[in-house]
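Chain by chain, the residues:
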Amino acid sequence: MMKSYVHVYTGEGKGKTTASLGLAIRAAGAGHKVFLAQFIKGGRYSELNALKRFDDLITVEQFGLGRFINGEPAQSDIAAARNGLEKMKEIVSSGAYNLVILDEANIALHYHLFSVEKLIELIDCRAGETELVITGRYADPQILEKADLVTEMNAIKHYFKEGVRARVGIEK
Ligand code: ATP
Ligand code: MG
């Protein structure tokens, strides 16, 4: 059995979610089974349409309500994220997947949708053959500590600052 690792893609620059999607495609290309869980997000992401073509190898599920959380999250946002984390604990401990991606789990933690202890529990119950990727800005220092690989996307420039909002096919 090949040893597997925990990755974190964080930072303010573009490329965290798309890096994880690139890895999902590479893994599927090797015949590996992939589970992509999206926290915070709900609906309307072009990658969902694209990944349907690989549905024998890549499973996608969203555990978000697809709205921006500003300040206090609603009980429904919290319930969706906690339910997602519980399900993903089963998925990562099952050994049925070679690659599991928790997209925007750092953000869910940042907005206190679940505790850092709960995310650490998930990391700790990971099956030996399951590579785990956690994305999202503002990664918790305790999660960085648990990771084997941390990449920080550094926004040297981002057109978001010029008022360019998420575009279909490029950001969503
Ligand atoms: P991609 O999905 O293109 O790989 P990412 O995962 O690195 O990007 P996120 O941090 O998940 O990027 O950002 C999601 C969206 O937030 C972006 O598509 C953009 O529209 C918006 N965004 C980018 N920069 C900022 C910023 N500085 N503040 C608030 N929102 C931003
Ligand atoms: Mg992202």
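In case you missed it, the structure is sitting above this.
Residues numbered from 1 in each chain as written. Chains lettered and ligands numbered in written order. Predicted model: local features only at pLDDT ≥ 70, side-chain atom pairs only at ≥ 80, totals over all residues. Heavy atoms only, no water.

### Re the packing of helix 3 (residues 75-94) against helix 5 (residues 116-124)
Just so we agree on the cut-off: To get an axis, fit a line to the C-alpha atoms, keeping to the stretch in contact for a helix; angles then go from 0 to 180 degrees between the N-to-C directions. The helix and strand labels rest on DSSP assignments: H or I over at least four residues marks a helix, E over at least two residues marks a strand, and numbering proceeds from the N terminus. By definition in this entry, angles of less than 35 degrees are roughly parallel, angles greater than 145 are roughly antiparallel, angles of 65 to 115 are roughly perpendicular, and the rest are oblique. Crossings are classed by handedness, with left-handed meaning an anticlockwise turn of the near helix from the far one by less than a right angle and right-handed meaning a clockwise turn. Whether two residues are in contact is decided by their heavy atoms: any pair within 4.5 Å suffices.
Taken N-terminus to C-terminus, the directions of helix 3 and helix 5 make an angle of 15°; their axes are 9 Å apart at the nearest point. One finds that helix 3 runs roughly parallel with respect to helix 5. The interaxial crossing formed by helix 3 with helix 5 has left-handed handedness. Along the contact surface, helix 3 presents Leu85, Met88, Lys89 and Val92, while helix 5 presents Lys118, Leu119, Glu121 and Leu122.

### Side note on the nonpolar core
Threshold: Buried residues of nine kinds, namely Ala, Val, Leu, Ile, Met, Phe, Trp, Tyr and Cys, make up a nonpolar core once their side-chain atoms join them within 4.5 Å. Categorising residues by exposure relies on relative accessible area from a 1.4 Å probe, with only protein chains included: less than 20% of the type maximum marks a residue as buried, more than 50% marks it as exposed, and the intermediate range marks it as partly exposed.
Within the largest apolar cluster, 33 residues are counted, with the highest numbers of intra-cluster contacts made by Phe39, Met88 and Leu102. Those residues within four positions of methionine 88 in sequence are excluded, and the remaining contacts are Phe35, Ala37, Phe39, Phe63, Val100, Leu102 and Leu122. In this structure, Ala24, Ala28, Leu57 and Ile101 belong to the second largest nonpolar core, which totals 14 residues.

### Comments concerning the coordination of the magnesium ion (ligand 2)
Using the following cut-off: We call an atom a donor if it is N, O or S and sits within 2.8 Å of the metal, or 3.2 Å for Na, K and Ca. Water is not counted, so some sites may look partial.
Protein ligation of the magnesium ion (ligand 2) involves Thr17 (OG1) and Glu104 (OE), the donor distances falling in the range 2.0 to 2.1 Å. Of this pair, threonine 17 sits in helix 1 (residues 16-29) while glutamate 104 sits in the loop between strand 4 (99-103) and helix 4 (105-110), placing them 87 residues apart in sequence. Each of the two residues, threonine 17 as well as glutamate 104, counts as buried.

### Quick notes on the layout of surface pockets
Summary: where empty space remains is shown by rolling a probe the size of a single water molecule over the atoms. Selection criterion: Only protein atoms enter the 1 Å grid, on which a cavity is a set of points fitting a 1.4 Å probe that cannot get out and a pocket is an open set with protein on both sides within 12 Å along at least 5 of 7 lines, lining residues being those with an atom within 4 Å of a point. Grid points are joined across faces, edges and corners, and a volume is the space filled by probe spheres set on the points.
Estimates place the volume of the largest pocket at around 1300 Å³. Taken together, 36 residues make up the lining of the largest pocket; nearest its centre are Lys41, Glu104, Arg137, Phe160 and Ala166. For the lining of the largest pocket, the elements supplying multiple residues, two or more each, are helix 1 and helix 2 (46-51). Per-element accounting of the lining of the largest pocket gives the leading share, 4 residues, to helix 1. Of the pockets and cavities examined, the second largest pocket occupies roughly 290 Å³. Met2, His32, Asn98, Leu99 and Glu131 are the residues nearest the centre of the second largest pocket, which is lined by 13 residues in total.

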